[in-house]
Amino acid sequence: MSSLAYKHAACACPVSHSLQGALQSLSFGNHYEVVPNVVDTTIFTSKKEREVPFRFIHISTLYDDHKNVSGLLRSFAALLTHRKDVSLSIIGDGPAAAHIAHAKELGISNAVDFHGEKTIEEIADAMQQHDAFVLFSNYENLPCVIIEAHACGLPVIATEVGGIPEQIHPKNGLLIKAKNEEQLREAMISLMDNYNDYNAELIRNEAISRYSYQEVGKQFTTLYQKLIKAPTP
């Protein structure tokens, strides 16, 4: 059914070039226009003043085969052997019990705060109270949580899987290899040590220019107009 729908669609709109490539490899349709995910930039706004200690935040479903939260915790534990001026908050609506137990086994419970499911407004508020976002996924497409973090002006550490490299560059974050826990530890240290190199206002403005309702809406309007004017096959 999916291939049939793509075959008869005037245009498919994957949210990333990575997804477009995957669809093309499956021979799903011939006409594509990449249109990214969106973020409500009236909710996800600039972060609050920085405080001590440095605060990382992770938000996901917490499913380990996908988000690799256990790997994040091990990397953070390794970080704490070198730095004490740092904390990690984890928000998610998935299976947290195993991760809470893992943090206890690693001896890092005093530096890691687990939170359950949050509303969109609560997630935005939490991001605004942190300094950087970290996502250690094994696979992804174009995560909304990254553009939400960027809309708050936060630099992001994430794995170079799926469409993530289309979101992150040296001015707004760091890319690392999936499952490379040592590289994640080093990236967290690098971001902390070079935090002043990241301009929160520029990070937010770029997110607005790429992912706001207004900008993504313009892309869809332009595409619709082009399709309406196109000759009927």
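The sections below set out a description of the structure shown in this document. Every chain's residues receive numbers from 1 upward, in the order its sequence appears when written. Local features in this predicted model are restricted to residues whose pLDDT is 70 or higher, and side-chain atom pairs enter the listing and the counts only when it is 80 or higher, whereas totals over whole chains, interfaces and linings include all residues. With hydrogens and water set aside, each side-chain value is computed from the structure's full complement of heavy atoms.

Quick look at the sheet that holds strand 2 (residues 86–92) now. Note on pairing: two strands pair once DSSP finds at least 2 bridges between them. In DSSP terms, a helix is any run of H or I states spanning at least four residues, a strand is any run of E spanning at least two, and both are numbered starting from the N terminus. Pairing is parallel in the open sheet, where six strands are placed in the order 3-2-1-4-5-6. With partners counted over all chains shown, the strands left at the sheet margins are strand 3 (112–115) and strand 6 (173–176), one partner each. In this sheet, neighbouring strand axes are inclined to one another by 20° on average, regardless of whether the strands run parallel or antiparallel. In terms of strand pairing, strand 5 (residues 156–159) meets strand 6 through four bridges, oriented parallel. Note on definitions: angles span 0 to 180 degrees between N-to-C directions of axes, and those axes are lines fitted to C-alpha atoms, for helices only across the stretch in contact.

All right, on to a nonpolar patch on the surface then. Surface patches are drawn from residues lacking salt bridges whose relative accessible area is over 30%; two like charges belong together within 9 Å, two nonpolar side chains (Val, Leu, Ile, Met, Phe, Trp, Tyr) within 5 Å. Residue-level accessible areas treat just the shown protein chains as cover; the underlying method is Shrake-Rupley with a 1.4 Å probe. Within this document, salt bridges are pairs made up of a side-chain nitrogen of Lys or Arg and a carboxyl oxygen of Asp or Glu, the two lying within 4 Å of each other. Judged by side-chain polarity, Tyr-224, Leu-227 and Ile-228 come together as a nonpolar surface patch covering roughly 330 Å² of accessible area. On the secondary structure map, Leu-227 appears in helix 10 (residues 213–229). Looking at Leu-227, the relative accessible area reads 32%, which means it is partly exposed. Throughout, exposure labels follow a simple rule: accessible area from a 1.4 Å probe, protein chains only, divided by the maximum for the residue type, with under 20% read as buried, over 50% as exposed, and the rest as partly exposed.

This part covers the pattern of salt bridges. A side chain with one charge may pair with a side chain of the opposite charge, provided their charged atoms come close. Across all of its chains, the model carries 10 salt bridges by this definition. Across the pair Arg-55 and Asp-131 runs a salt bridge, and its minimum N-O distance is 3.3 Å. Of this pair, Arg-55 sits in strand 1 (residues 54–60) while Asp-131 sits in the loop between helix 6 (120–128) and strand 4 (132–135); the two residues are 76 residues apart in sequence, bridging distant segments of the chain. By the burial criterion, Arg-55 is buried, and Asp-131 matches it. Where Asp-85 meets Arg-83, a salt bridge forms, and the shortest distance between an N and an O atom there is 3.1 Å. Three or more residues are tied together by salt bridges with common partners; here these are Arg-83, Asp-85 and Asp-193.

Tracing the sequence through the fold places Ile-91 in strand 2. Owing to a relative accessible area of 4%, Ile-91 belongs among the buried residues under this scheme. A C-alpha to C-alpha distance of 23 Å links Ile-91 and Glu-186, two positions 95 residues apart in sequence. The contact criterion used throughout is that any non-hydrogen atoms of two residues lie within 4.5 Å. Setting aside chain neighbours within four positions, we find Ile-91 in contact with Ile-57, His-58, Ile-59, Ser-60, Leu-62, His-115, Gly-116, Lys-118 and Ala-126.

For the rest of this paragraph, the subject is the environment of Leu-223. Mapping Leu-223 onto the fold places it in helix 10. Overall, Leu-223 belongs to the buried group, its relative accessible area being 4%. Between the alpha carbons of Leu-223 and Cys-11 there is a distance of 8.9 Å; along the sequence they are 212 residues apart. With sequence-adjacent residues up to four places away left out, Leu-223 is seen in contact with Cys-11, Cys-13 and Glu-33.

This part covers the nonpolar core. Judged by nonpolar contacts, the single largest core of 31 residues is most densely connected at Phe-56, Phe-76, Leu-88 and Ile-157. Residue assignment for this core shows that the elements contributing at least two residues are strand 1, helix 4 (69–80), strand 2, strand 4 and helix 8 (181–193). Formed by 25 residues, the second largest nonpolar core is a distinct cluster that contains Phe-133, Leu-135, Cys-152 and Ala-158. We define the nonpolar core as a collection of buried residues of types Ala, Val, Leu, Ile, Met, Phe, Trp, Tyr and Cys that are connected through side-chain atoms lying within 4.5 Å of one another.

As for its placement among the helices and strands, Asn-37 is situated in the loop between helix 2 (17–25) and strand 1. By the criterion applied in these results, polar contacts are pairs of N or O atoms within 3.5 Å in which, for protein atoms, one can donate a hydrogen and the other can accept it, and in which residues neighboring in sequence qualify only through two side-chain atoms. Here the side chain of Asn-37 touches Leu-142 through a polar contact of 2.7 Å, landing on its backbone oxygen.

What follows is about helix 8. The periodicity of an α-helix, 3.6 residues per turn, causes residues three or four places apart in sequence to face the same way. For a helix, the expected span equals 1.5 Å multiplied by the residue count minus one. Under the 1.5 Å per step criterion, the end-to-end length of helix 8 is 19 Å for 13 residues, consistent within 8% with the ideal 18 Å. Here helix 8 has its buried residues at Leu-184, Arg-185, Ala-187, Met-188, Ile-189, Leu-191 and Met-192. Residues of helix 8 that are buried in the fold lie against strand 1, helix 4, strand 2, strand 4, strand 5 and strand 6.

Before going further, it helps to spend a moment on unusual backbone geometry. A positive phi angle is found at Leu-62, which is not glycine, with a value near 75°. Its location among the elements puts Leu-62 in the loop between strand 1 and helix 3 (64–67). Taking relative accessible area as the criterion, Leu-62 reaches 1% and is therefore assigned buried. A positive phi angle, close to 50°, is found at Asn-68, a residue other than glycine. Among the secondary structure elements, Asn-68 is positioned in the loop between helix 3 and helix 4.

Moving on, we come to the packing of helix 9 (residues 200–211) against helix 10. Direction vectors running N to C along helix 9 and helix 10 enclose 30°, while the axes themselves pass 5 Å from each other. The orientation of helix 9 with respect to helix 10, classified from their angle, is roughly parallel. Between helix 9 and helix 10, the residues in contact are Ile-208, Ser-209, Arg-210 and Tyr-211 and Tyr-213, Glu-215, Val-216 and Gln-219, respectively. Residue type decides the class: Asp, Glu, Lys and Arg count as charged, Ala, Val, Leu, Ile, Met, Phe, Trp, Tyr, Cys and Pro as nonpolar, and the leftover types, Gly among them, as polar. Split by residue class, the contact of helix 9 with helix 10 holds four nonpolar, two polar and two charged. Should an angle fall under 35 degrees it is taken as roughly parallel, and over 145 as roughly antiparallel, whereas 65 to 115 is taken as roughly perpendicular and any remaining angle as oblique.

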